[in-house]
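# What the coordinates show
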Amino acid sequence: MSTYLFTSSRLGFRNWTVDDLAPMAVINTDKTVMEFFPMTPSTSDTQNFIERMQQQFEETNFCYFAVDILENKEFIGFIGLSRQTFDAPFNPSVDIGWRLKRSSWFNGYATEGAKACLDYAFNTLQIKELLSMAPAINNKSIAIMKKIGMSKLSDFIHPSLLDFPRLQNCVVYKITADSLK
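Here's a quick rundown of the structure. Note that the structure is predicted; figures quoted are calculated from it, not measured.

Rules of the game
Residues numbered from 1 in each chain as written. Predicted model: local features only at pLDDT ≥ 70, side-chain atom pairs only at ≥ 80, totals over all residues. Heavy atoms only, no water. Helix = DSSP H or I, 4+ residues; strand = E, 2+ residues; numbered from the N terminus. Buried < 20%, exposed > 50% of the residue type's maximum accessible area, 1.4 Å probe, protein only. Core = buried A, V, L, I, M, F, W, Y, C linked by side-chain atoms within 4.5 Å. Contact = heavy atoms within 4.5 Å. Salt bridge = Lys/Arg side-chain N within 4 Å of Asp/Glu carboxyl O.

## Concerning the environment of alanine 143
- Note on placement: alanine 143 falls in helix α4 (residues 139-147).
- On the accessibility criterion, alanine 143 (32% relative accessible area) is partly exposed.
- Each C-alpha atom, one on alanine 143 and one on lysine 115, is 13 Å from the other, the two residues being 28 residues apart in sequence.

Structure below.
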């Protein structure tokens, strides 16, 4: 397994490998995991996502990191940082996001991992501000945003979700490096 870039008490964060494609593709086809997305990505879409994350990591030293449980090296999905450039008043930005397999839910992994990513972003990368976005009906993700200290910045209509009325009303939350000092 790859060397971890950083760890939390239970999780290891790393760049993606070819071995991650199959388990991430399974996560992406779980309709419960993907409840607040307009579609479930295909294996090809997942491969493209992994390649984008690898490229972004090469350019910036961050991405939505592949995440393993340290105790057993089990891959559980991603938690990390990504550039956002879609048309919105708050972009370009760096956001923090997560997608974990359902069997790992309700263990505090998303919150623990997001806090570790905040530390990496603010203290290692010297990023000054992070955002997080979700459809306004995604209460689970919004709860994590609040648990890690983010505050609501605004509501917005996501331009990529205009054809999906249930999902298009979104929220964006914000946290700054200074707010954690």
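Here the narrative resumes.
## Regarding the nonpolar core
- By size, the foremost hydrophobic cluster in this structure holds 49 residues, and its most contacted members are Phe13, Trp16, Phe65, Leu81, Ile96 and Leu130.
- Of the residues forming this core, the biggest block, nine residues, is contributed by helix α3 (residues 109-124).
- Beyond its immediate sequence surroundings of up to four residues, isoleucine 96 is in contact with Gly80, Leu81, Ala114, Cys117, Leu118, Leu131, Ser132, Ile148 and Met150.
- Within the second largest apolar cluster, eleven residues are counted, among which are Ala88, Phe90, Met133 and Leu167.

## Let's talk about the pattern of salt bridges
- In the structure shown here, the tally under the stated rule is eight salt bridges.
- Here arginine 102 makes a salt bridge to aspartate 30, at a shortest N to O gap of 3.0 Å. On the criterion of sequence distance, the pair formed by arginine 102 in the loop between β5 (93-100) and α3 and aspartate 30 in the loop between α1 (21-28) and α2 (43-60) is long-range, its members being 72 residues apart.
- Between aspartate 155 and lysine 152 there is a salt bridge, and its shortest N-O distance comes to 2.9 Å.
- Taking the relative accessible area as the measure of exposure, aspartate 155 reaches 52% and is therefore exposed.

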